[in-house]
Amino acid sequence: MISVILVGTGNVAQNLFQAFSRVNGVDVKQVIGRNKDQLDFASATTKIETDLEKLLPADVYILAISDDAISLVSNKINRLKGLIVHTSGGTSLETISNHKRIGVFYPLQTFTKGKIISFENIPICIEANSTEDLEILRKLGESLSSRVVNITSEQRKILHVAAVYVNNFTNYMYSIGEDICIENEVDFNLLKPLIQETANKLNVLSPKEAQTGPAKRGDQRTVHSHLKILKNKHQRELYILLSDTIKSKYGKEL
């Protein structure tokens, strides 16, 4: 049995709490958060606390908090004997180097407020400063997911940059598409099957192989037609930038 204490009350902390609560071999002994009202998700089954000075003994302390808070919180809990890990994609292992036993437990997924998701297929990237602690994190990860991988801090940062492109930037494109539909009184829901099919293609094709559209084809007539429709300056600039980038990538293949 691996005993765990979660520090944090946000989307990652809540999802980890729910996931650990459903598996054998892991005991969430305590959940820590600054605001007691935000600890309701754990209060029915687990000890909750708002004071970092009252942390209980545990095998693993998971700092599921914002990147900016990791160093600050780490420095406040410097008398612990257990393994201290954070869940950040863009923060190095050395950020918590004031502790003897340190690691990273990074679920590579987007988490949304109020939505609890399954960890079964979520890649969990782990790192530690000893082989013994890396094995503890592997067991912890495998209690939740079928995909647990050893990743260095540098590799994790690269993954995080790539994740911003495929998730955050892509979702922003969805929001632009929705804005264009709303401005022109068209139902955005009509685009959802297209969004789903585009994502599903990546199960059998590489992103390069799956690329379609007027810029890929070199269809300048359609590109200019679209630019006439776009009245918003930023939407036009982004359309031109992306089209030019796609054309430069695929132009030699036209």
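Refer to the structure above for everything that follows.
First, a word on scope: everything that follows refers to the structure included in this document.

In this section: the overall build of the protein chain. For the protein chain, the helix and strand inventory stands at 10 helices and eight strands. Across the 254 residues in the protein chain, those meeting the buried criterion constitute 37%. The contacts of the protein chain with a sequence gap of at least 6 include a subset with a gap of at least 24, amounting to 55%. Carbon together with sulfur atoms contributes 52% to the accessible area of the protein chain, which is approximately 15400 Å² in total. Separation of charge centres in the protein chain, based on 31 positive and 28 negative side chains, amounts to 3 Å.

Moving on, we get to the pattern of salt bridges. Applying the stated criterion to the full structure yields five salt bridges. Glu142 serves as the salt-bridge partner of Arg138, at 3.9 Å between the closest nitrogen and oxygen. Separated by four residues within a single helix, Arg138 and Glu142 lie in helix α4 (residues 131-142), roughly one turn from each other. Judged by relative accessible area, Arg138 falls into the partly exposed class, the value being 21%.

What follows is about the environment of Leu63. Summarising the element assignment, Leu63 is placed in strand β4 (residues 60-63). For Leu63, a relative accessible area of 0% corresponds to the buried category. Remark: the alpha-carbon pair of Leu63 and Val12, spanning 51 residues in sequence, is separated by 9.9 Å. In contact with Leu63, other than residues within four places in its own chain, are Val7, Ile70, Val73, Ser74, Ile77, Ile84, Val85, His86, Thr87 and Ile96.

What follows covers helix α10 (residues 233-250). When the terminal C-alpha atoms of α10 are compared, their 26 Å separation across 18 residues agrees well with the 26 Å that a helix rising 1.5 Å per residue should span. Here α10 has its buried residues at Gln235, Tyr239, Ser243 and Tyr250. Summarising the axial view, the buried residues of α10 lie within an arc of 60°, below the 170-degree limit, and thus occupy one face. Away from its buried face by more than 90 degrees, α10 exposes Lys233, His234, Leu241, Ser248 and Lys249. The opening residue of α10, the one whose side-chain oxygen lies 2.9 Å from the backbone nitrogen of His234, is Asn232.

Right, let's talk about the nonpolar core for a bit. Leu16, Phe20, Ile62, Phe105 and Leu140 are the most contacted members of the largest nonpolar core, which has 31 residues in total. Of all the elements in the fold, those that place two or more residues in this core are β1 (2-7), α1 (11-21), β2 (26-32), α2 (40-43), β4, β5 (83-86), β7 (124-128) and α4. Among the elements that take part in this core, α1 stands out by supplying five residues, more than any other. In this structure, Leu55, Val73, Ile77 and Ile84 belong to the second largest nonpolar core, which totals 21 residues.

It helps to recall that an α-helix has 3.6 residues per turn; residues three or four apart then point in one direction. In this model, α4 (12 residues) spans 16 Å end to end at C-alpha, consistent with the 16 Å of a helix rising 1.5 Å per residue. By the burial criterion, the buried members of α4 are Asp133, Leu137, Leu140 and Gly141. In a view along the axis of α4, the buried residues occupy a sector of 95°, so they form one face of it. In this structure, α4 carries Thr131, Glu132 and Lys139 as exposed residues pointing more than 90 degrees from its buried face.

Turning our attention to the packing of aromatic side chains. Under the definition given, this model contains four aromatic pairs. Consider the rings of Phe20 and Phe105, whose centres lie 6.3 Å apart with planes at 35°: the pair is tilted. Here the residue Phe20 occupies a position in helix α1, and Phe105 occupies one in strand β6 (residues 102-107), the gap between them amounting to 85 residues. For the pair Phe20 and Phe105, one class covers both residues: buried.

Glancing now at the sheet that holds β5. Read from one edge of the open sheet, eight strands run β3-β2-β1-β4-β5-β6-β7-β8, paired in mixed fashion. With partners counted over all chains shown, the strands left at the sheet margins are β3 (47-49) and β8 (148-150), one partner each. Taken over all neighbouring pairs, the strand axes of this sheet differ in orientation by 25° on average, direction set aside. As paired strands, β4 and β5 are joined by four bridges and run parallel to one another. When the sheet's bridge partners are listed, Ile62 is paired in β5 with Val85. Across the sheet, α4 lies against β1, β2, β4, β5, β6, β7 and β8, angled at about 165° from β7, the strand it touches most.

In this section: the packing of helix α9 (residues 220-229) against α10. Interhelical geometry of α9 versus α10 gives an angle of 165° and a closest axis separation of 10 Å. Relative to α10, α9 is oriented roughly antiparallel. The handedness of the crossing between α9 and α10 is right-handed. Only Arg236, Tyr239, Ile240 and Lys247 of α10 make contact with α9, whose side of the interface consists of Gln220, Thr222, Val223, His226, Leu227 and Lys228.

Reading the values: the criteria
Residues numbered from 1 in each chain as written. Predicted model: local features only at pLDDT ≥ 70, side-chain atom pairs only at ≥ 80, totals over all residues. Heavy atoms only, no water. Helix = DSSP H or I, 4+ residues; strand = E, 2+ residues; numbered from the N terminus. Buried < 20%, exposed > 50% of the residue type's maximum accessible area, 1.4 Å probe, protein only. Contact = heavy atoms within 4.5 Å. Areas by Shrake-Rupley, 256 points an atom, 1.4 Å probe, with all protein chains shown as cover. Lys, Arg positive; Asp, Glu negative; His and termini not counted. Charge placed at Lys NZ, Arg CZ, Asp CG, Glu CD. Salt bridge = Lys/Arg side-chain N within 4 Å of Asp/Glu carboxyl O. Expected span 1.5 Å × (residues − 1). Arc of directions from axis to C-beta. Polar contact = N/O pair within 3.5 Å; in protein donor to acceptor, adjacent residues only side chain to side chain. Core = buried A, V, L, I, M, F, W, Y, C linked by side-chain atoms within 4.5 Å. Phe/Tyr/Trp six-rings, centres within 6.5 Å; stacked < 30°, edge-to-face > 60°. Pairing = 2+ DSSP bridges. Axes fitted to C-alpha atoms, helices over the stretch in contact; angles between N-to-C directions. Parallel < 35°, antiparallel > 145°, perpendicular 65-115°, else oblique. Left-handed = near helix turned anticlockwise from the far one by under 90°.

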